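# Notes for the structure review
Here's the letter readout for the chains.
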Amino acid sequence: MGALCSVIKFENLQELKRLCHWGPIIALGVIAICSTMAMIDSVLWYWPLHTTGGSVNFIMLINWTVMILYNYFNAMFIGPGFVPLGWKPENSQDSMYLQYCKVCQAYKAPRSHHCRKCNRCVLKMDHHCPWINNCCGFQNHASFTLFLLLAPLGCIHAAFIFVMTMYTQLYNRLSFGWNTVKIDMSAARRDPLPLIPFGLAAFAATLFALGLALGTTIAVGMLFFIQMKIILRNKTSIESWIEEKAKDRIQYYQLDEVFVFPYDMGSRWKNFKQVFTWSGVPEGDGLAWPIREGCHQYDLTIEQLKQKADKRVRSVRYRVIEDYSGACCPLNGIKFFTSPCTEEPRIRLQRGEFILATRGLRYWLYGDKILDDSFVEGVSRIRGWFPRNCVEKCPCDAETDQAPEGEKKNR
């Protein structure tokens, strides 16, 4: 109920502007088309309301739509939660472990990061999602993940309705010749006749809606599994990258230490409960977090400070070995299905160019393309995402890796 009130009573009516963006417009458009066509097909041509099964089916379709929209708007309007402007830790000595945000004039709380789109430091930031035109973080992580679960389930139900509608309506209209197949799209050859005949326009609309439903099921379903994977580890996509760079730093300098992610409670169920609760409100305030035994509250932020001081870890240099067009969703292989769900730009790559990567995902990296053949700070750059399989670590890094063991440890 509290979440519903948060949706109705906007802190600022400016939040409604979030709907005026290509992401929500496309998302709500797909939901509207699939839901409306499923209800029309079901009532008129597949499973009429005067039957018990038809009534139950219609109620289920409405239920899917309501739950999908409820969690979608919760994720959009409740938002991720932000670090209060001017925030500082209660113990002033703890500020030495935290980074300071000049934009928000506040220290970054553990697990928080500054979002350039929202222009605020976001609590437990995972990513900025263009489909909700907001960040996914501490307060809306559960609603966002439930939306990713319910949308494919609703689309599967709708796809079943579309397939069965076309099958039942076209079954008696197909005629097979020796070398031809004909479809008679005139009035249905069955009794009783439907109120509105299933004509060519209805067939085209149903087929289009089926394509949307299947595409949404695949794309959003993959995002759901990615989110559940990091939730069960009590991580965010940003923290996964920080952990990857921590291991790289330790390996590079051959340090006698092991980085342990402090917020993984050691149990998938405990990690799950950090996000999903019966009340719908996540545990805690997003500023302080429970940690696993033997870890420190600021272990992750201390690691971030180490990486910030270490320019080699902060930006890993890569050389382009394969051309990339810069397309948002490349139509070739795994690049299409793993493209980052963000409106941040992609970088066009040409073989022989150099890239400085600052963060990344399993199949994609984010960083700067150097426009002149120099690694000097302050040169002109183009920033965005690019596929991992199009680049390799710069040879100069490989040569550095061959430095004497004593020299590495003394760096």
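As the structure is a computational prediction, the values presented were derived from the model and not from experiment. (Residues numbered from 1 in each chain as written. Predicted model: local features only at pLDDT ≥ 70, side-chain atom pairs only at ≥ 80, totals over all residues. Heavy atoms only, no water.)

### Description of the pairing of strand 9 (residues 316-320)
The side-chain alternation of strand 9 yields one buried face, formed by Val316, Tyr318 and Val320, and one unburied face, formed by Arg317 and Arg319. Note: strand 9 against strand 13 (residues 391-393), three bridges, orientation antiparallel. Bridge assignment links Tyr318 to a residue of strand 13, and that residue is Lys393. (Buried < 20%, exposed > 50% of the residue type's maximum accessible area, 1.4 Å probe, protein only. Helix = DSSP H or I, 4+ residues; strand = E, 2+ residues; numbered from the N terminus. Pairing = 2+ DSSP bridges.)

### As for the pattern of salt bridges
Within this structure, the stated rule accounts for nine salt bridges. For the salt bridge of Glu239 with Arg111, the shortest nitrogen-to-oxygen distance reads 2.8 Å. Within this pair, whereas Glu239 is found in helix 6 (residues 237-253), its partner Arg111 is found in the loop between strand 2 (106-107) and strand 3 (113-115), the two being separated by 128 residues in sequence. Each of Arg249, Glu257 and Glu303 takes part in a single network of salt bridges with overlapping partners. (Salt bridge = Lys/Arg side-chain N within 4 Å of Asp/Glu carboxyl O.)

### Comments concerning the nonpolar core
In terms of nonpolar packing, the biggest core is built from 26 residues, with Val83, Trp87, Cys115, Met125, Cys135 and Leu300 touching the most fellow members. When contributions to this core are tallied by element, the ones reaching two or more residues are strand 4 (120-122) and helix 6. Trp87 has contacts with Leu98, Gln105, Ala106, Tyr107, Lys108, Ala109 and Leu287, leaving out every residue within four places of it along the chain. Membership of the second largest hydrophobic core comes to 23 residues, among which are Trp64, Ile132, Cys136 and Phe144. (Core = buried A, V, L, I, M, F, W, Y, C linked by side-chain atoms within 4.5 Å. Contact = heavy atoms within 4.5 Å.)

### Section: a positive patch on the surface
There is a patch of like positive charges on the surface, built from Lys229, Arg233, Lys247, Arg268 and Arg362. Of note, Lys229 is situated in helix 5 (residues 200-231). Classification of Lys229 as partly exposed rests on a relative accessible area of 43%. (Patch = residues over 30% accessible without salt bridge, like charges linked within 9 Å, V, L, I, M, F, W, Y side chains within 5 Å. Areas by Shrake-Rupley, 256 points an atom, 1.4 Å probe, with all protein chains shown as cover. Lys, Arg positive; Asp, Glu negative; His and termini not counted. Charge placed at Lys NZ, Arg CZ, Asp CG, Glu CD.)

### Description of the side chain of Thr236
With respect to the helices and strands, the residue Thr236 is situated in the loop between helix 5 and helix 6. In this structure Thr236 touches Lys124, Met125, Asp126 and Ile230, once residues within four positions along its chain are discounted.

### Some remarks on the UniProt feature "transmembrane region" (unreviewed entry) in the protein chain
Under the UniProt annotation, "transmembrane region" (unreviewed entry) lies at residues 25-47, 53-73, 146-167 and 195-226. Taken end to end, residues 53-73 comprises 100% helix and 0% strand; its first and last C-alpha atoms sit 30 Å apart. End C-alpha atoms of residues 146-167 are separated by 32 Å, and the span's content is 100% helix alongside 0% strand. (UniProt positions renumbered as here; feature names shortened; annotations may be inferred.)

### Section: the state of the cysteines
Tallied over the entire structure, the rule returns zero disulfides. Of all cysteine sulfurs in the structure, the one in Cys34 sits closest to Cys155, which takes part in no disulfide; the separation is 4.7 Å. (Disulfide = S-S within 2.5 Å.)

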